[in-house]
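In case you want the letters, here they are:
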Amino acid sequence: MKYLKYILIFLFLFDLNLLNANENNSHSEITKNLRCLICQGQSIHDSDSEFANSIKILVSKKLNDGLSEDQIYIFLKEKYGEWILYDPGFNKNTYFLWLLPLLMFIIGGAIILKRFIIKKN
Amino acid sequence: MASLIGFYSLVFGLCLSFIVVLFSIKNFRNSLVFDKKILSLTFLQLFFVITSFLGLIISFINSDFSNETVFNHSHTTKPLFYKISGTWGNHEGSLLLWLLVLNLFIFLFLLKSKEQDKNYRILTLLFQQVIIIGFFIFIIKTSNPFNYIFPVPTEGLGLNPILQDPALAIHPPILYLGYVGSSVIFSATLAATCLNYISKNWAKHIKTWVLWSWIFLTLGILLGSIWAYYELGWGGFWFWDPVENVSLMPWIALTTLLHCILILEKRKILTSWVIILSISTFTLSMCGTFLVRSGILNSVHTFANDPERGLYILIFLFCLIFLSLFIFFFYHKTEDNQKYDFFWLSKESSILVNNWFMMYFLVVILIGTIYPIFLEVINSEKISVGPPFYIKLIIPFLIPFLFAMAIGPKLKWIKSDIQNKINLSIFFIISFFLSILIIKNLKVNFLVNTILVTSALYLFLVTSKEFLIKGINNLAQNLAHFGFSLLILSILFNNFFSTEIITNLKIGETFKSEKIHITFESIEKKEIKNYSSIIGKININDPKGLNQTLEPELRIYNQPNIVTSEADIKTNLFSDKFITMNLVQNQDYFNIRYQIKPFMIWIWLSVLLICSGGLISLFRKKI
Amino acid sequence: MKNKIFFSVAIISSLIIFFVLFKGLQNTNIYTPQVDVKKDIPYFEAKIFDSDIVKNSNEIFQKENFYLLNIWSSWCAPCRNEHPILLKLKDQVNLEIIGLNYKDNIINAKKFLKELNSPYRLILSDENGIIAIEWGAYGVPETFLIHNKRIIKRYVGPLNMNSIIEIKKFIE
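Reading guide: rules and limits
- Counting from 1, residues in each chain are numbered in the order their sequence is written.
- In the order they appear in the text, chains get letters beginning with A and ligands get numbers beginning with 1.
- Local features in a predicted model are, by the rule used here, given only for residues with pLDDT of at least 70; side-chain atom pairs are given and counted only at 80 or more, and totals for whole chains, interfaces and linings are based on all residues.
- Heavy atoms from the whole structure form the basis of all side-chain values; hydrogens and water molecules are not counted.
- The split of the chain into domains comes from an automatic or database domain assignment.
- Whether two residues are in contact is decided by their heavy atoms, any of which lying within 4.5 Å being enough.
- For any pair of parts, buried area is found by adding up, for both, the accessible area (1.4 Å probe) each one loses once the two are put together.
- Salt bridge, as used here: a side-chain nitrogen of Lys or Arg that lies within 4 Å of a carboxyl oxygen of Asp or Glu.
- Here a polar contact means two N or O atoms within 3.5 Å. Within protein one must be a hydrogen donor candidate and the other an acceptor candidate, and residues neighboring in sequence count only if both atoms are side-chain atoms.
- Classes in brief: Ala, Val, Leu, Ile, Met, Phe, Trp, Tyr, Cys and Pro nonpolar; Asp, Glu, Lys and Arg charged; the others, Gly included, polar.
- Two cysteine sulfur atoms make up a disulfide if the distance between them is within 2.5 Å.
- Burial classification: accessible surface area is computed with a 1.4 Å probe over protein chains only, and a residue below 20% of its type maximum counts as buried, one above 50% as exposed, and the rest as partly exposed.
- The way it works is that DSSP assigns letters per residue, a run of H or I at least four long becomes a helix, a run of E at least two long becomes a strand, and they are numbered from the N terminus.
- Planes of paired rings set the category: under 30 degrees apart is stacked, over 60 is edge-to-face and the rest tilted, where pairs are Phe, Tyr or Trp rings (Trp by its six-membered ring) whose centres lie within 6.5 Å.
- Distance and angle both matter: a charge sits over a ring if NZ of Lys or CZ of Arg is within 6 Å of the ring centre and within 35 degrees of the ring normal.
- If DSSP finds at least two bridges between two strands, the strands pair.
- Lines fitted to C-alpha atoms define the axes here, with helix axes fitted over just the stretch in contact, and angles between the N-to-C directions of these axes take values from 0 to 180 degrees.
- By convention a crossover is right-handed if, when the strands point away from the viewer, the path from the first strand over the helix to the second runs clockwise.
- With a 1 Å grid spanning the protein atoms alone, the term cavity applies to any set of points in which a 1.4 Å probe fits but cannot get out, the term pocket to an open set with protein on both sides within 12 Å along at least five of seven lines, and the term lining residue to any residue with an atom within 4 Å of a point.
- Grid points are joined across faces, edges and corners, and a volume is the space filled by probe spheres set on the points.

To continue, consider the domain arrangement of chain B. Residues and elements named next belong to chain B. In terms of domain boundaries, chain B breaks down into domain 1 (1-164), domain 2 (174-415), domain 3 (416-498 + 602-622) and domain 4 (499-600). Taking the mean C-alpha position of each, domain 1 and domain 4 sit 43 Å from one another. Taken together, the contacts link 13 residues of domain 1 with eight residues of domain 4. Summed over both sides, the interface between domain 1 and domain 4 buries roughly 760 Å², with carbon and sulfur atoms accounting for 57% of that surface. Three residues, Thr 77, Pro 161 and Gln 164, lead the burial of domain 1 against domain 4; their summed loss comes to 55% of the area buried on that side. Seen at the junction of domain 1 and domain 4, the total is zero salt bridges. Viewed at the interface, domain 4 and domain 1 are joined by one residue pair in polar contact (both at pLDDT 80 or more). The residue inventory of the side of domain 1 that touches domain 4, partitioned by class, reads five nonpolar, seven polar and one charged.

In structure tokens, the structure reads:
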């Protein structure tokens with residue numbers, strides 16, 4: 001148990017709360033979820049292109065106008081299509097995308113159960 | 001001249017492939033002992049491929065612009081080191097490296113498998129030669145690195161500056177050793193399946209190759225990540241970009257295989273599963289090559305892409321898939337007498353659970369990466385699948401996975417019992433309260449993150465205890481698992497506590513907030529051989545008395561004319577201070593991006609720990 | 001028997017995957033804006049170039065005739081090439097050309113117009129590029145043909161001789 005105490009002491013000495021999260025959180029949260037259309041696989045947040053900079057300004061303007069995160073996504077989706085959103089919503093285009101992995105997980109579990117655990121008797 | 005030698009070596013290498021195949025078939029049928037000639041011929045082939053590769057390197061060193069590859073990717077003013085690394089920094093050269101590694105591995109395999117059955121060795125060689133021939137033809141037909149151009153240009157086009165970097169110079173060879181190294185596992189498994197050779201002994205023998213591939217792949221991914229972190233200039237190290245995903249998928253498959261082989265080695269059960277995993281590892285590597293080289297996906301890490309190349313790899317990939325499906329279904333004898341006589345709480349089932357979750361993670365990444373292609377083909381709609389998708393599907397499953405990982409290794413074979421229940425519950429309570437303490441002040445989802453951090457901390461505590469008490473007994477495993485728990489924890493904390501300030505500053509201006517003052521003091525211009533640089537001096541001042549000057553840099557490369565932004569990073573044990581500056585068009589200010597990224601170094605260190613776990617496992621076996 | 005079923009299923013599914021990937025090779029991997037969408041024009045407010053007057057989209061596009069909204073900038077080289085084409089459309093009856101000056105420096109923009117003449121009836125300025133985003137624009141230059149407050153045609157990239165013929169066909 002001794003080393004445990006050391007770990008605890010270490011963690012408390014290093015006061016985690018001094019490090020604080022971002023100041024303008026929702027803005028960077030949103031821009032991280034947007035794809036920069038003229039770049040190769042970069043988010044708006046990470047890009048410094050003209051297009052990305054404009055979108056960043058637009059997002060802050062829309063936030064000031066009182067739009068919610070989702071409303072901004074809808075706005076941009078209408079202008080540029082779903083390609084701009086990094087988070088594919090759950091709709092008829094993406095049923096398979098979201099459900100297939102989960103289905104595979106269930107199938108995998110079923111196989112394991114059937115072949116190895118139940119078969120014994 | 002060097003190009004010419006290189007090209008002819010390549011052709012000779014291909015001819016040798018056919019000779020090796022002929023000799024092998026003869027030897028396979030008619031003799032009981034392994035023909036020494038085959039080994040010499042394989043060595044000769046390796047020699048030719050090395051010569052060819054050296055020929056390309058020499059063309060690069062001499063800046064021989066009559067060679068198209070050199071012309072496209074080099075320049076006389078480039079430093080020697082980057083001239084050499086430029087050899088594999090492009091499509092053609094990197095494929096030559098592929099081929100080199102394919103040959104190298106089969107040669108080493110033949111050398112190191114003397115105690116194995118003759119037919120098994122020859123069949124492995126034959127399967128590997130199929131892959132090698134495929135790549136020879138691919139290189140010579142679609143991506144010949146030795147194309148001649150006339151009239152000879154006087155100057156080359158230069159190497160993309162973001163590739164002129166030490167980490168990225170050694171990244172491809174190391175990654176390929178892992179990536180392509182899995183080809184030997186593939187060939188050996190197919191051979192063993194055909195001959196019904198799979199046994200405990202075989203598992204022990206193939207484990208070495210799995211471990212080597214795995215170590216190199218892990219290191220390769222680490223290097224790529226480090227490079228992305230400091231070179232791409234936005235402070236992330238993993239973007240769920242397609243190219244990163246395709247390197248992670250074989251890694252997951254290999255890791256799963258590694259665990260699964262443990263069962264095979266001890267109990268000789270799950271043979272079919274081991275075969276499937278070995279085949280899918282290399283198939284995933286090939287699939288990755290296809291996705292990256294064909295340009296079918298939109299990615300940060302672009303290669304010059306060409307649909308014709310994509311088509312060739314695609315056809316080749318599916319030939320290999322059909323071949324392995326055929327062998328698996330018609331040669332593999334499913335042994336119904338395999339006894340699954342283990343209890344639900346045992347080492348076997350814990351490894352099965354590990355496999356189950358790992359496969360799930362693999363499927364998430366695979367589907368996330370290729371789904372957009374399918375959607376576009378089927379109803380021509382374009383969507384992006386980015387980080388939010390992976391996070392949403394992986395995190396909820398990571399939690400039980402981490403708990404299982406804490407308990408699993410403690411279990412015994414066949415039937416087990418959880419010992420030290422009190423100890424384990426104490427650990428759980430401690431990690432639970434610690435995580436509440438950590439999460440409660442953060443603006444993140446409380447419930448999910450508390451459970452997540454609890455599971456990570458729990459794994460961390462359990463593995464560190466294991467590591468400290470029984471370290472020597474099972475060092476390899478303990479080290480790797482401890483490294484993994486440290487990795488997860490560092491990534492989580494890094495995510496929670498990262499701070500970022502983005503601001504536009506002119507020279508002399510100061511950004512002021514309660515916590516920090518950022519002063520843009522001055523800039524300095526310098527001329528270096530192949531670029532000119534602007535170095536900013538930026539002073540960071542915070543009330544805690546920290547006073548630091550960081551010097552981010554802008555490099556304006558002359559060939560090709562590209563501006564890159566070099567981050568300045570100050571690393572210490574707890575956090576990285578990361579700063580970049582960028583030009584803004586038509587403005588006289590710079591865009592400054594300052595980030596505090598806690599525990600960065602622990603992410604790198606923990607991956608190294610995981611690797612060293614693998615190395616120790618190799619080393620200990622030999623004693 | 002069971003083996004054969006599994007084998008056929010595996011072969012068929014990999015053939016399907018092969019086919020899809022093969023098809024996928026022919027698609028491009030970059031963003032391609034949709035050109036032939038008929039949409040209502042977005043609502044926006046913009047400053048008139050080189051002044052402080054603010055107008056909204058209803059005021060700008062109030063007439064019955066056709067409008068051509070051209071997004072341009074003095075720092076964009078293709079805009080320079082497309083300029084003569086716009087000048088050819090300048091005197092077209094029933095068509096008003098409106099410029100949207102995208103993220104430009106006002107001095108450079110004026111110099112640009114002085115040098116090459118202005119085809120625009122009215123120029124709006126878009127200092128930080130957000131009006132262009134309201135239009136769903138992707139880069140400069142980009143041109144929209146508008147009638148009755150609806151976008152009837154969109155040109156991404158510089159206009160060429162063919163687009164002139166097409167535009168003339170639309171407005172006659």
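Still more ground to cover, so stick around.
For the rest of this paragraph, the subject is the state of the cysteines. All names here are of chain B. What the rule picks out here adds up to one disulfide over all chains. We note that Cys 260 lacks a disulfide partner, and the nearest cysteine sulfur, in Cys 194, lies 20 Å from it. Since its relative accessible area comes to 0%, Cys 260 is described here as buried. Here Cys 287 stays free of any disulfide, with the sulfur of Cys 319 as its closest cysteine sulfur at 15 Å.

Right, let's talk about the interface of chain B and chain A for a bit. Listed per partner, the contact involves 63 residues of chain B and 53 residues of chain A. Both sides of the chain B and chain A interface together cover about 5600 Å² of buried area, and 66% of this is carbon and sulfur. For the side of chain B that touches chain A, the elements supplying multiple residues, two or more each, are α13 (347-379), α14 (387-407), α15 (421-439), α16 (446-470), α17 (475-497), β1 (499-505) and β10 (590-598) of chain B. Ranked by residue count, the leading element in the side of chain B that touches chain A is α13(B), at 11 residues. When its residues are assigned to classes, the side of chain B that touches chain A shows 38 nonpolar, 15 polar and 10 charged.

As a further point, take the packing of aromatic side chains. Summed over the entire model, instances satisfying the criterion amount to 67 aromatic pairs over all chains. On the basis of an interplanar angle of 80° and a centroid distance of 5.3 Å, the ring pair of Phe389(B) and Tyr390(B) is categorised as edge-to-face. Here a set of aromatic residues connected by ring pairs shows up, and it is made of Trp98(B), Phe135(B), Phe138(B), Tyr176(B), Tyr179(B), Phe186(B), Phe282(B), Tyr312(B) and Phe316(B). Directly above the ring of Trp83(A) sits Arg35(A), whose terminal nitrogen or CZ lies 4.2 Å from the centroid.

On to the sheet that holds strand β9 (residues 575-583) of chain B, then. Residue and element names in this part refer to chain B. Spatial ordering of the open sheet is given by β1-β10-β9-β8, a layout of four strands whose pairing is antiparallel. Each having just a single partner strand, β1 and β8 (568-571) make up the two edges of the open sheet. Strand-to-strand, the axes of this sheet are offset by a mean angle of 10°, without reference to chain direction. Where β9 and β10 come together, nine bridges link them in antiparallel fashion. Following the sheet pairing, Leu 583 is matched in β10 by Phe 590. Across the sheet, α17 touches β1 and β10, and the angle it forms with β10 is around 135°.

Looking down a regular strand, the side chains alternate between one sheet face and the other. All names here are of chain C. Of all eight residues making up strand β5 (residues 95-102), eight are buried, and the element is well covered by its neighbours. Assessed by its sense of winding, the connection that carries the chain from strand β4 (residues 66-72) through helix α3 (residues 77-89) to β5 is right-handed. The pairing of β5 with strand β6 (residues 122-126) spans five bridges and is classified as parallel. The partner of Asn 101 across the bridge, within β6, is Ser 125. Note that the unit made of β5, helix α4 (residues 106-116) and β6 has a crossover that is right-handed.

Before going further, it helps to examine empty space enclosed by the protein. Residues and elements named next belong to chain B. Under the defined criterion, the tally for this structure stands at four cavities of 30 Å³ or more. By volume, the second largest cavity is sized at about 60 Å³. For the second largest cavity, the full set of lining residues is Met 405, Ala 406, Pro 409, Lys 410, Val 462, Thr 463, Glu 466, Gln 477, Asn 478 and His 481. Every element with two or more residues in the lining of the second largest cavity is listed here: α14, α16 and α17. When residues of the lining of the second largest cavity are sorted by domain, at least three fall in each of domain 2 (174-415) and domain 3 (416-498 + 602-622).

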